[in-house]
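This is what each chain is made of:
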Amino acid sequence: MSIHFHSTVPIIEDHHDGNPPSSDEDDEDDGNWDDWISDSAAQNANCRSLFDDKVGSVQDILAYDKAIHNFDLDETCARLSLDVHGRIRLINFIRQTKSSPTNISVLTGSESFFSSDDFLRPVLENDILLQYQPDGWTDSEDDSSLSTDRRIRLLEQKLTEAKRDFEEYRKLVNQRFSFGKISEISAEESSDVELKRDDDSHYFESYGANDIHAVMIQDRVRTSTYARYILGTPSVFEDAVVLDVGCGTGILSLFAARAGAKKVFAVDASDIALKAQRIVKANDLDHIITVLRGKVEDIQLPEGLKVDVIISEWMGYALLYESMLDSVLVARDRFLKPNGVMAPSQSKMMFGLCDASEIVKERITFWNDIYGFDMSVMTEELYHEAVIDVVGTHTMLSTTFVVKDLRISLITARQLDFISPFKLTSSVNRRTKVTAFILYFDTFFTASGNPVSPETEVEVIQENDAVLAEVWPLGGRPAPQRRMSQHHKKDNSLESRDFTRAEAVTSFSTGPQSIPTHWKQTLFLLKEPFVIDEGFVVHGHFHCRKSESNSRELNIEIHYSVQDAESENQNPDVVVQMFKIQ
């Protein structure tokens with residue numbers, strides 16, 4: 001669905017009579033709520049930091065965040081003039097998005113999440129920090145100058161107001177999210193044996209069949225780029241120990257062995273590993289390549305062995321679908337030498353405006369008239385699911401924006417859930433309807449494993465490019481010799497690398513300007529298309545996080561507003577549309 005937020009009007013529920021709900025009808029519920037507050041207070045020592053896993057009392061954690069992360073929650077709430085609901089939204093926003101203190105410090109209080117009921121839902125169960133209010137929030141009098149009786153009355157008043165605030169919060173959460181029903185279901189299920197959710201079995205089973213590997217190997221852009229990098233960069237692979245994560249048929253391991261690798265460990269948790277083992281033996285490379293069947297999180301290499309290079313084709317739809325990168329990062333942290341190389345070294349998620357009218361016709365509007373019958377009800381879910389399809393270069397309506405730059409040697413799994421601002425400038429010179437946002441990715445390989453310079457342009461492979469000729473010899477003949485400068489003795493030490501000298505970059509794009517890949521492009525069809533003209537700007541935030549129901553799927557939120565060229569609309573509505581990639 002799509003939601004409109006007016007930029008100047010927050011969404012806040014209020015009880016106009018200013019009194020707590022009657023207790024005559026809700027004694028049992030009130031008792032449960034009071035019990036929850038009482039239990040939470042007893043667990044005060046279990047308050048968790050907003051930015052890491054440190055646990056302690058509320059006061060200790062607030063002091064810890066201030067000292068270690070330079071973040072003062074109370075000062076921030078005061079600076080942004082937040083009420084109780086605003087404070088709760090801020091806490092849940094930080095916990096859900098894992099924002100850094102630097103990002104929080106630039107908030108103005110006008111951001112859309114401060115008026116979104118989504119952030120009233122607790123991210124952590126029994127989050128003690130949501131119940132805590134600093135002294136003096138509800139009264140500005142100086143307690144030290146008051147009599148004991150007066151202080152007692154003030155404290156009783158504060159307690160009553162706090163109970164009322166949390167009663168309102170409880171009702172709002174119950175109303176918006178059926179939180180009470182969820183709690184009842186969870187309580188019933190907890191009496192049974194708790195079953196661990198399995199996000200992996202179907203995923204690995206799907207890679208056991210032939211068809212998916214045929215599609216990937218026949219992807220000319222994908223396979224030829226890996227071949228050109230591995231066979232064309234002997235300084236990385238000669239005499240190297242290589243780890244291939246998610247090896248599939250073993251094609252990358254075969255390339256590495258041909259490039260001169262001393263030892264290659266090929267890892268895959270699906271049944272395809274059995275065929276990979278036979279493929280290796282059929283090509284007489286079993287003295288170099290060892291196939292290990294299992295998850296990279298569980299396998300063991302010979303004691304103490306670290307690898308020089310990790311290669312992997314981990315990218316999914318929209319880059320992060322399937323969450324295979326998480327496993328690659330585990331392999332990096334477990335097995336890569338401190339100066340080792342990750343291949344690829346970098347991927348960028350590219351975001352833009354798109355005219356997907358042909359896709360809309362094929363998938364949506366045709367349902368409006370089926371032999372004279374209206375079947376438009378079939379389209380209701382299509383605006384909630386991302387579409388994986390191919391569009392041409394003529395459909396691009398804006399400049400592209402990098403919503404996430406993944407430097408594989410440095411990034412952590414926690415950073416794969418993110419919120420990124422974006423600004424898209426129209427590239428059209430006449431009124432044009434925008435029917436979708438488009439997302440694709442560019443991927444880069446370097447010999448050092450370092451990220452490319454910002455001005456580096458991705459290589460775009462066109463239909464008639466003979467990209468395989470140099471590296472795919474026929475009939476088992478040896479690969480052609482490279483320039484002598486590429487055949488120096490391997491030395492991966494940090495001191496040996498010249499970071500100031502430009503190095504060769506191998507890259508590919510999955511965007512509309514390249515010949516299609518098996519990743520295609522990811523399209524987010526708009527429930528409410530809008531018109532742009534020359535000079536228009538669309539800005540907003542791109543939210544990406546793993547699905548709570550399946551960690552290999554993605555939940556996407558796009559928050560955006562449209563600004564015309566003359567900036568006549570100073571406070572445009574913010575539109576929010578949510579999608580699943582599954």
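On a predicted model such as this, the values are computed, not experimentally measured, just so you know.

Peer 1: Describe in detail the pattern of salt bridges, supporting the description with residues and values.
Peer 2: Applying the stated criterion to the full structure yields 15 salt bridges. Here Asp 117 makes a salt bridge to Arg 89, at a shortest N to O gap of 3.2 Å. Note that Asp 117 is positioned in the loop between helix 5 (101-105) and helix 6 (128-131) and Arg 89 in helix 4 (residues 84-97), a separation of 28 residues in sequence.

Peer 1: I'd love a proper account of the sheet that holds strand 5 (residues 263-268), names of residues and values included.
Peer 2: Across the sheet, which stays open at both edges, the five strands sit in the order 6-5-4-7-8 with parallel pairing between neighbours. Bordering the open sheet on either side are strand 6 (289-293) and strand 8 (336-343), each of which pairs with just one other strand. Geometrically, the sheet is characterised by an average inter-axis angle of 20 degrees between neighbouring strands, direction not taken into account. Summarising the sheet, strand 7 (residues 307-312) and strand 8 pair through four bridges and their orientation is parallel.

Peer 1: Hey, could you go over the packing of aromatic side chains for me, with residue numbers and the actual values?
Peer 2: In the structure shown here, the tally under the stated rule is 21 aromatic pairs. Both rings, one in Phe 51 and one in Phe 71, keep their centres 5.2 Å apart while their planes meet at 80 degrees; by these two values the pair is edge-to-face. Of this pair, Phe 51 sits in the loop between strand 2 (47-48) and strand 3 (55-56) while Phe 71 is found in the loop between helix 2 (58-68) and helix 3 (73-79), placing the two residues 20 residues apart along the sequence. Of the residues examined, Phe 71 reaches a relative accessible area of 4% and is grouped as buried. Centroid distance Phe 351 to Phe 422: 5.0 Å. Interplanar angle 65 degrees. Geometry classified as edge-to-face. Taken together, the residues span a long stretch of sequence, with Phe 351 in strand 9 (residues 346-354) and Phe 422 in strand 12 (residues 418-425) at a distance of 71 residues. When sorted by exposure, Phe 351 lands in the same class as Phe 422, which is buried. Each residue in the set Phe 351, Phe 418, Phe 422, Phe 437, Phe 524, Phe 530, Phe 542, Tyr 560 and Phe 579 is aromatic and connected to the rest through ring pairs, giving one cluster. The side chain of Lys 263 reaches across the aromatic face of Phe 265, ending 5.7 Å from its centre.

Peer 1: So what's going on with the nonpolar core? Residues and values would help.
Peer 2: Residues Phe 437, Phe 524 and Phe 542 are the most contacted members of the largest nonpolar core, which totals 95 residues. Once residues within four sequence positions are removed from consideration, Phe 542 is found in contact with Phe 351, Val 403, Phe 418, Ile 419, Ser 420, Phe 422, Leu 439, Phe 524, Ile 556, Glu 557 and Ile 558. Core analysis: the next-biggest nonpolar cluster, separate from the first, contains 28 residues, Leu 90, Ile 104, Phe 113 and Phe 114 among them.

Peer 1: An account of the environment of Cys 354 is needed here, citing residue identities and associated values.
Peer 2: Here Cys 354 shows up in strand 9. Residues Cys 354 and Phe 524, spaced 170 residues apart in sequence, show a C-alpha to C-alpha distance of 9.3 Å. In this view, Cys 354 contacts Val 391, Thr 395, Leu 397, Val 434, Thr 435, Ala 436, Ile 438 and Leu 523; residues no more than four positions away in its chain are not counted.

Peer 1: Requested: an account of the packing of helix 11 (residues 220-232) against helix 13 (residues 251-258), with residues and values cited.
Peer 2: Relative orientation of the contacting elements helix 11 and helix 13 amounts to 25 degrees, with a least axis distance of 9 Å. On the basis of the axis angle, helix 11 is roughly parallel to helix 13. As for how helix 11 packs across helix 13, the hand of that crossing is right-handed. Seen from helix 11, the contacting residues are Thr 223, Tyr 226, Ala 227, Ile 230 and Leu 231; seen from helix 13, they are Leu 252, Phe 255, Ala 256 and Arg 258. Among the residues making up the contact of helix 11 with helix 13, the classes are represented as seven nonpolar, one polar and one charged.

Peer 1: Which residues make up a nonpolar patch on the surface, and what values do they have?
Peer 2: Together, Tyr 371, Phe 373, Met 375, Val 377 and Met 378 give the surface a local cluster of nonpolar side chains, amounting to about 610 Å² of exposed area. Mapped onto the elements, Met 375 comes out in the loop between helix 16 (357-363) and strand 10 (387-389).

Peer 1: Any chance you could break down the pairing of strand 12 for me, citing the residues and the numbers?
Peer 2: Side chains Phe 418, Ser 420, Phe 422 and Leu 424 project from strand 12 onto a buried face, and the interleaved Ile 419, Pro 421, Lys 423 and Thr 425 project onto a face without burial. Relative to strand 16 (residues 537-546), strand 12 runs antiparallel, the two sharing eight bridges. If you follow Phe 422 over to strand 16, its bridge partner there is Gly 540.

Peer 1: Please give an account of helix 11 that cites residues and values.
Peer 2: With 13 residues, helix 11 should reach 18 Å at 1.5 Å per residue; the first-to-last C-alpha distance of 17 Å fits that figure. Within helix 11, 12 of the 13 residues are buried, which leaves the element mostly enclosed by the surrounding structure.

Peer 1: Tell me about the side chain of Glu 313, and please be specific about residues and values.
Peer 2: By secondary structure assignment, the location of Glu 313 is in the loop between strand 7 and helix 15 (324-335). A relative accessible area of 9% means that Glu 313 is categorised as buried. Separated by 3.3 Å, the side chain of Glu 313 and the backbone nitrogen of Met 315 make a polar contact. Residues contacting Glu 313, with those up to four places away along its chain left out, are Met 216, Arg 222, Tyr 226, Val 245, Leu 252, Met 324, His 518 and Trp 519.

Peer 1: Any chance you could break down the environment of Asp 52 for me, citing the residues and the numbers?
Peer 2: Positionally, Asp 52 belongs in the loop between strand 2 and strand 3. Separated by 17 residues in the primary sequence, Asp 52 and His 69 place their C-alpha atoms 9.5 Å from one another. Ignoring anything within four residues of it in the chain, the contact list for Asp 52 reads Tyr 64 and His 69. Reaching out from Asp 52, the side chain makes a polar contact with the backbone nitrogen of Lys 54 at a distance of 2.9 Å. Among the polar contacts listed, one links the side chain of Asp 52 to the side chain of Tyr 64, at a separation of 2.7 Å.

Peer 1: Any details on unusual backbone geometry? Residues and values, ideally.
Peer 2: Leaving glycine out, the prevailing phi sign among residues is negative, and the prevailing peptide bond configuration is trans. Looking along the chain, the bond that leaves Ala 343 and enters Pro 344 is cis, with omega of 5 degrees. The residue Pro 344 is located in the loop between strand 8 and strand 9 in this model. Of note in the backbone geometry, Asp 239 takes a positive phi value of approximately 60 degrees without being a glycine. Checked against the element boundaries, Asp 239 lands in the loop between helix 12 (234-237) and strand 4 (241-245). Under the relative-accessibility criterion, Asp 239 is labelled exposed at 53%.

Cut-offs and rules
- In this convention, every chain numbers its residues from 1, walking through the sequence in written order.
- Reporting in this predicted model follows two pLDDT cut-offs: at least 70 for local features of residues, and 80 or more for side-chain atom pairs to be given and counted; totals over whole chains, interfaces and linings ignore these cut-offs and use all residues.
- For side-chain calculations, the full set of non-hydrogen atoms in the structure is used, while hydrogens and water are omitted.
- We define a salt bridge as a contact between a side-chain nitrogen of Lys or Arg and a carboxyl oxygen of Asp or Glu at a distance within 4 Å.
- Helical segments are the DSSP runs of H or I of at least four residues, strand segments are the runs of E of at least two, and each set is numbered from the N terminus.
- The criterion for strand pairing is that DSSP finds at least two bridges linking the strands in question.
- Axis definition: a line fit to C-alpha positions, over the contact stretch in the case of helices; interaxial angles, taken between N-to-C directions, run 0 to 180 degrees.
- Here the aromatic set is Phe, Tyr and Trp, taking the six-membered ring for Trp, and pairing holds for ring centres within 6.5 Å; pairs whose planes are under 30 degrees apart are stacked, those over 60 apart are edge-to-face, and all others are tilted.
- Only protein chains enter the accessibility calculation, which uses a 1.4 Å probe; a residue whose area is less than 20% of its type maximum is buried, one above 50% is exposed, and one in between is partly exposed.
- Charges are assigned to positions over rings by a cutoff of 6 Å between ring centre and Lys NZ or Arg CZ, combined with an angular limit of 35 degrees from the ring normal.
- Nine residue types can take part in a nonpolar core, namely buried Ala, Val, Leu, Ile, Met, Phe, Trp, Tyr and Cys, and a core is a set of them joined through side-chain atoms within 4.5 Å.
- By definition in these notes, contact holds between two residues if any of their heavy atoms fall within 4.5 Å.
- Each angle is binned into one of four classes, with values under 35 degrees roughly parallel, values over 145 roughly antiparallel, values of 65 to 115 roughly perpendicular, and all other values oblique.
- Two helices cross in a left-handed way if the nearer one is turned anticlockwise from the farther one by less than a right angle. They cross in a right-handed way if the turn is clockwise.
- Following the grouping adopted for this structure description, the nonpolar residues are Ala, Val, Leu, Ile, Met, Phe, Trp, Tyr, Cys and Pro, the charged ones are Asp, Glu, Lys and Arg, and the polar ones are all others, Gly among them.
- Patch construction takes residues with relative accessible area above 30% that form no salt bridge. Like charges are linked within 9 Å, and nonpolar side chains (Val, Leu, Ile, Met, Phe, Trp, Tyr) are linked within 5 Å.
- Computed with a 1.4 Å probe, the accessible areas rest on the Shrake-Rupley method; for each residue, only the protein chains presented here act as cover.
- The span one expects for a helix is its residue count, reduced by one, times 1.5 Å.
- Definition of a polar contact: a pair of N or O atoms within 3.5 Å, with one able to donate and the other able to accept a hydrogen when the atoms are protein atoms, and with sequence-neighbouring residues admitted only if both atoms are side-chain atoms.

The values are spatial; any link to function lies outside them.
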